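Summary of structural features
If you want the building blocks of each chain, they are given just below.
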Amino acid sequence: ALPMSIIGTFSVMYLLHYSLDNLSLMALTLAVGFVVDDAIVMLENIVRHLEMGKPKMQAAIEGAAEVGFTILSMTFSLAAVFIPFLFMGGIIGKLFHEFAVTIGVAILVSGFVSISLTPMLCSRFLKPQHETTHGWMYNAIEYIFEAWLRLYDYTLTLTLRYRWTTMVVSFALFAATAYLFMITPKGFLPSEDQGRFSISVEAIQGISYDEMVRHQQQVADIVSKEPEIAGYTSNIGGNGSSVNTGRINVDLKPRADRTRSVDEIIAGLRPKVAQVTGVRVYMTNQPPINLGGQQGARSLYQFTLQDTDSAELYDWAPKMEAAIRDTPGILDVSSDLQLRNPQIFVEMDRDKIATLGLTATQVETALYNAYGTRQVTQIYATNNQYQVILQVAPEFQKDPAALRLLYVRSNTGRLIPLDTVAHVRTNIGPSAISHTGQLPSVTISFNLAPGYSLGDAVSAIQTRAGELLPATIATRFQGTAQAFQDSLQGLGLILLMAVIVIYIVLGVLYESFTDPLTILSGLPSAGFGALLTLIIFRTDLSLYAFVGIIMLVGLVKKNGIMMVDFAVEAQREHGLSPLEAIHKACLVRFRPIMMTTMAALVGTLPIALGLGAGAESRRPLGLAVVGGLLVSQLLTLYITPVYYEIIEGFRLRLTSGRPQAAVATATPTPSVP
């Protein structure tokens, strides 16, 4: 089933013009643990019929017919989990559209293979029980399994006897899941080691280019001494930035040649670069996916203030910046508000200009010739060409007093000193005025301290803004922080829609309103296990982890389907009571439930262990799935039967009016065929 399912998925990906990228490969990796589930159920049931003494052809036909509907229910309901992703817009919809299609196709193909190819192979290659000999390892494993089954039989009987106690535990588990969701740190995209990071350097406003070069070179010298650094590029200004800002892009050696991750290297460099006087240094591990935001931001996350009154905005923005800087867990706070940039104003006396036979254009031309970038000619060499730029000598560019030495040539050929026709004064003003949505704005950038989640930072900043800023100033997050805010609402809607879609699919398949409720009764235990695992491993509930929880919705209900489907058939064909039917179903389906869960666990384990390049971003998904499966595997084996017995017994009392008390208190222990 595995190669056929994967090859079939590749075929559909080729037809849809999909590529093999991080998300599609992660979908295929996860699918390896899921596509064998249907084949396991089919194979196990055929072997069970074979052990009854039936010929292998008859065992294959009857076994396949018995679980065919079960496999269809498992396949369609699991694939339905990913339908809401296809209709979601925004960055999350774009990110996970290909992921959802890939894993959904793999599940559908595996279901088709399991009801067609698997029974055929069983009818040809399986051997009857009396023709099969087993070694000591098989016998030891079977002995252990039989001991587990007897223990499960005994504990299940007690659980069904004290079913109301189990219901109380179930409700407590639901409340605990809600509590864990509230306290679990929320994140967006996990930090990933891409072998590079960026450094932003900010100096005092009005610093000269030469001084800025000297300061940035000091920072670069400290960085270059780190043994993990392979190289760096350094630049100052550019892309609309002022001269007092610079940027250093650092490339690291391959991960196999390093003992520290990117985040550890940044943490080690912070106290070293802080010793450079005269500049502020901000270091950022850029995310693997760029989600926009303001160009030239010094830190990863951005918070923007907007106001129609620029004076009020510029008055409150520094106060908000100071409040964010004092917030625990937030580092590298900076602002694009630079109002103290030194400026030189040349005020021309137009009357004197006219008296002396000059024009204002001649004065402006003289200033541009001296301090601009006027190209006067071009030199053509053998292998290159050079532009000749007219400027005054560098020593006359450093002091505003040198303007007094500048002369303007009149139409009569006279040289007239500039200070004769103009007055020079100095002042301070903004180096740039930022606008967002056509309104004046100030953007505050920040990074997070290790172990501090983006959700906590966003909540803290929103609280401080509500307490400090007047109502006339509008606030919003940009870039990654804004996408995080949108994802909290979008992912919650996807989770709700996934549950609703599965309920509808199961309701159509079983033609019942109550059976889907029983099947989905194990969802709180899966959520509890996933969130508890994230807390234990100090991992944020990020975008990938949330996708893992949504996948658990489809995985956990498989156990319920196998139990409920057999119980419904036992009631219908053999006239058993709900208690007898679900008890027998749990024992018969115990082996395939254990097998499918272990297959999913083993398939997800490489992702949970964080193996391979870029594993930091995928690991939360693996942890959520593994933790959810482990806890739900234990709890759903007891919670789902209790829900079935109570809900089905209540339904029968409503439809037939016959009391079921005597049946509900019985504790049968039927033998497993």
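Our subject is the structure that appears above.
So, here's what we can say about the structure. None of the values given here were measured: they were computed from a predicted structure.

With that settled, consider the pairing of strand S8 (residues 374-380). Inspection of the sheet shows S8 paired to strand S9 (residues 385-390) by 6 bridges, in the antiparallel sense. Residue pairing in the sheet places Thr377 in a bridge with Val388 of S9. As consecutive antiparallel partners, S8 and S9 are separated by 4 residues.

Its location among the elements puts Asp257 in the loop between strand S3 (241-252) and helix H9 (262-273). Linking Asp257 and Phe85, residues 172 residues apart in sequence, is a C-alpha distance of 39 Å.

Right, let's talk about the nonpolar core for a bit. Side chains of a nonpolar character, in soluble globular proteins, are inclined to be buried together. Counting residues in hydrophobic clusters, the biggest one holds 131 residues, and the most contacted among them are Phe96, Phe99 and Phe446. It is helix H18 (residues 543-574) that contributes the most residues to this core, 20 residues altogether. In terms of nonpolar packing, the next biggest core, distinct from the first, is built from 22 residues, Met212, Val223, Leu269 and Val276 among them.

Next up on the list: the packing of helix H17 (residues 523-536) against H18. Taken N-terminus to C-terminus, the directions of H17 and H18 make an angle of 150 degrees; their axes are 9 Å apart at the nearest point. With respect to their mutual orientation, H17 and H18 come out roughly antiparallel. Seen from above, H17 lies across H18 with right-handed handedness. Taken together, the residues of H18 that come into contact with H17 (itself represented by Leu523, Ala526, Ala530, Leu531 and Leu534) are Ala545, Ile549, Leu552, Val553 and Val556.

Under the definition given, this model contains 6 aromatic pairs. Each ring, one from Phe145 and one from Phe590, has its centre 5.6 Å from the other, and the planes form 35 degrees; the classification is tilted. Residue Phe145 is located in helix H6 (residues 136-161), and its partner Phe590 is located in helix H20 (residues 590-609); the two are separated by 445 residues in the primary sequence. Measuring from centroid to centroid gives 5.5 Å for Tyr152 and Tyr638, while their planes differ by 65 degrees, and the two rings are edge-to-face. Taken as a pair, Tyr152 in helix H6 and Tyr638 in helix H21 (residues 615-656) lie far apart in primary sequence, 486 residues in all. We classify Tyr152 as buried; its relative accessible area is 2%. Through a chain of ring-to-ring contacts, the aromatic side chains of Phe145, Tyr152, Phe590 and Tyr638 assemble into a single cluster. Here the basic side chain of Lys319 rests over the ring of Trp316, its NZ or CZ set 4.3 Å away from the ring centre. Over the aromatic face of Phe145 sits the side chain of Arg591, whose NZ or CZ is 4.0 Å from the ring centroid.

Right, let's talk about the packing of helix H1 (residues 2-15) against helix H2 (residues 22-51) for a bit. It is at 10 Å that the axes of H1 and H2 come closest, and there the two elements cross at 145 degrees. Between H1 and H2 lies a crossing of right-handed hand. Contact with H1, carried on its side by Leu2, Ser5, Ile6, Thr9, Phe10 and Met13, involves Ser24, Leu28, Val32, Val35 and Val36 of H2 and no other residues of that element. Split by residue class, the contact of H1 with H2 holds 8 nonpolar, 3 polar and no charged.

So, on to the environment of Pro516. By secondary structure assignment, the location of Pro516 is in helix H16 (residues 515-519). Given a relative accessible area of 0%, Pro516 falls into the buried group. In the structure, Pro516 is positioned 11 residues away from Val505 in sequence and 8.8 Å away in space, judged by C-alpha atoms. When neighbours within four sequence positions are excluded, Pro516 is seen to be in contact with Tyr503, Leu506 and Gly507.

Now for the environment of Leu439. Residue position: Leu439 is located in strand S14 (residues 439-448). According to the relative accessible area criterion, Leu439 is partly exposed, its value standing at 31%. A C-alpha to C-alpha distance of 6.3 Å links Leu439 and Gln306, two positions 133 residues apart in sequence.

Here the focus is a nonpolar patch on the surface. A contiguous nonpolar surface patch, about 550 Å² in accessible area, is contributed by Leu493, Leu496, Met497, Ile500, Ile504 and Val508. Tracing the chain through its elements places Ile500 in helix H15 (residues 480-510).

All right, on to the pattern of salt bridges then. Should the charged atoms of two oppositely charged side chains come close, the side chains can pair. Counting across every chain of the model gives 15 salt bridges. One salt bridge connects Glu66 with Arg48, and the closest N-O pair in it is separated by 2.8 Å. Linking Glu66 in helix H3 (residues 56-80) with Arg48 in helix H2, this pair joins segments that are 18 residues apart in sequence. The exposure class assigned to Glu66 is partly exposed, which follows from its relative accessible area of 32%. A residue is classified by how much of its surface remains accessible, and Arg48, at 7% relative accessible area, is buried.

So, on to H20. An ideal rise of 1.5 Å per residue puts 28 Å on 20 residues; H20 measures up with 28 Å between its terminal C-alpha atoms. Where H20 terminates, the next one or two residues include Gly610, which has phi positive at roughly 75 degrees.

Basis of the calculations
- Residues numbered from 1 in each chain as written.
- Predicted model: local features only at pLDDT ≥ 70, side-chain atom pairs only at ≥ 80, totals over all residues.
- Heavy atoms only, no water.
- Pairing = 2+ DSSP bridges.
- Helix = DSSP H or I, 4+ residues; strand = E, 2+ residues; numbered from the N terminus.
- Core = buried A, V, L, I, M, F, W, Y, C linked by side-chain atoms within 4.5 Å.
- Buried < 20%, exposed > 50% of the residue type's maximum accessible area, 1.4 Å probe, protein only.
- Axes fitted to C-alpha atoms, helices over the stretch in contact; angles between N-to-C directions.
- Parallel < 35°, antiparallel > 145°, perpendicular 65-115°, else oblique.
- Left-handed = near helix turned anticlockwise from the far one by under 90°.
- Contact = heavy atoms within 4.5 Å.
- Phe/Tyr/Trp six-rings, centres within 6.5 Å; stacked < 30°, edge-to-face > 60°.
- Lys NZ or Arg CZ within 6 Å of the ring centre and 35° of its normal.
- Nonpolar A, V, L, I, M, F, W, Y, C, P; charged D, E, K, R; others polar.
- Patch = residues over 30% accessible without salt bridge, like charges linked within 9 Å, V, L, I, M, F, W, Y side chains within 5 Å.
- Areas by Shrake-Rupley, 256 points an atom, 1.4 Å probe, with all protein chains shown as cover.
- Salt bridge = Lys/Arg side-chain N within 4 Å of Asp/Glu carboxyl O.
- Expected span 1.5 Å × (residues − 1).

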